[in-house]
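The primary structure of each chain is shown beneath.
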Amino acid sequence: MRPARPDLAPRPGLSRDEMESLQRRVAETAVFADDLPFDSAAVSLASPETEHQTLAEATALDADADSPPLVAGIDQSFLDDRALSAVVVLRGGEVVERAHVVSDLELPYIPGLLSFREGGPILDALAELDCDPDLLVFDGSGRIHFRQAGLATHLGVVCDAPSIGVAKSLLCGTPDEDVDGRPEGWRTPIRADDSVDAVGGHPAGSETTIGYAFQSRQYDSRPVVNPLYVSPGHRLSAATTVDLVSRLSGSYKLPEPTRLADAYADEAKAQYED
DNA sequence: GCGACAG
DNA sequence: ATCTTGTCGC
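Throughout this document, residue positions are counted from 1 along each chain, in the order its sequence is written. Chains and ligands are labelled by the order in which they are written, letters from A for the one and numbers from 1 for the other. Only residues with pLDDT of at least 70 get local features here, since the model is predicted, and only at 80 or more are side-chain atom pairs given and counted; chain-wide, interface and lining totals rely on the full set of residues. Think of the side-chain values as coming from all heavy atoms in the structure, minus any hydrogens and water.

In the annotation of an unreviewed UniProt entry, chain A is listed under the name Endonuclease V and assigned to Haloferax volcanii. UniProt positions are given in the numbering used here, feature names are shortened, and annotations may be inferred rather than shown by experiment. Per UniProt, chain A carries the Catalytic activity (unreviewed entry) text "Endonucleolytic cleavage at apurinic or apyrimidinic sites to products with a 5'-phosphate." We quote the UniProt Function (unreviewed entry) comment for chain A here in full: "DNA repair enzyme involved in the repair of deaminated bases. Selectively cleaves double-stranded DNA at the second phosphodiester bond 3' to a deoxyinosine leaving behind the intact lesion on the nicked DNA."

And the structure:
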């Protein structure tokens, strides 16, 4: 898939101030409301065959009118100063395409500036795809970010595609309720706090919900599982974002697109280890 | 100055 | 993110 807004793409060579101002522009461009070219209820892990479709229809790279949306999971693994960016695309419960690329990293990890370290490599991996995903699921935050422009928001805006951020820990914001030891399916809003900047069109008062803590999985008499922190990337409301992550969750803590991309990133990594 | 911080 | 053995249980 091709960047719709290459002018907003994260470039590693910028100064810290330039990176932060670019993030403010990204946040102003982002749409934190549902603007989907498909019905969110059509997103599921159900095998297309059980949804009355032939395997040929389900795996065709050209999306025909009523086939389930293409959902891409993106994750990375690392080798010294290189990143392996992996993408796995699902249609229903079936993997229809995978792609990966290895790139040199130009920046260290800096909280709040993750997209400038990993964004370029990820866009390169997305460019390798033959298909055009309807939804992008990133490993990291979207709107749950100091300037409301985390990795999922930044890349969602650059691609102008609906996107979601799924993080394993909270970058900023405050959960409405205590998140410890909650049952499967439980969720609570993450509200903007003093560390979250207001953005034109996107206020950040303490009443603003920027994401959700979501307990996707909980096992019996096993170490307590922490919740996921999901947030809208682009063209999605916080409520629909949790709903979609819930629909994409299988038997594991991470939603299936992310889990598969994670496994693929590790699998492909072995081929580049010296 | 102090604390907090996705991957 | 990554470095890593064993251990419990379905």
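Enquirer: Got a sec to walk through unusual backbone geometry? Specific residues and values, please.
Expert: Residues other than glycine predominantly adopt negative phi, and peptide bonds predominantly adopt the trans conformation. Phi angles above zero are rare outside glycine, and Asp160 is one such case at about 50°. With respect to the helices, strands and loops of the structure, Asp160 is situated in the loop between helix H4 (151-159) and strand E5 (163-167). The phi angle at Arg235 is positive, at roughly 60°, despite the residue not being glycine. In this description a helix means any DSSP run of H or I spanning at least four residues, a strand means any run of E spanning at least two, and both kinds are numbered starting from the N terminus. Here Arg235 lies in the loop between strand E9 (228-234) and helix H5 (238-247). For Arg235, a relative accessible area of 12% puts it in the buried group. Exposed residues in this analysis have more than 50% of their type's maximum accessible area, buried residues have under 20%, and partly exposed residues fall in between, with area computed by a 1.4 Å probe over protein chains only.

Enquirer: Describe in detail the protein's contact with DNA strand B, supporting the description with residues and values.
Expert: Neighbouring residues of DNA strand B: 17 residues in total, closest Tyr109, Gly112, Leu114, Ser141 and Lys168. As used in this structure description, the phrase polar contact means that two N or O atoms lie within 3.5 Å; if the pair is within protein, one of them must be able to donate a hydrogen and the other to accept it, and residues adjacent in sequence are counted only when both atoms belong to side chains. Separating a base nitrogen of DNA strand B from a backbone N or O atom of Leu114 is a distance of 3.1 Å. One of the backbone nitrogen or oxygen atoms of Ser141 is found 3.0 Å away from a base nitrogen of DNA strand B. Within the surface near DNA strand B, the residues separate by chemical class into 9 nonpolar, 6 polar and 2 charged. Nearness of a residue to a molecule or strand requires only that one of the residue's heavy atoms be within 4 Å of it. Polarity classes work like this: nonpolar for Ala, Val, Leu, Ile, Met, Phe, Trp, Tyr, Cys and Pro, charged for Asp, Glu, Lys and Arg, and polar for all others, with Gly in that last group.

Enquirer: Please set out the protein's contact with DNA strand C residue by residue, giving values where relevant.
Expert: The full set of residues close to DNA strand C is Ser77, Phe78, Lys168, Arg222 and Lys269. For DNA strand C, a phosphate oxygen lies 3.1 Å from a polar atom in the side chain of Lys168. When grouped by side-chain class, the residues that make up the surface near DNA strand C number 1 nonpolar, 1 polar and 3 charged.

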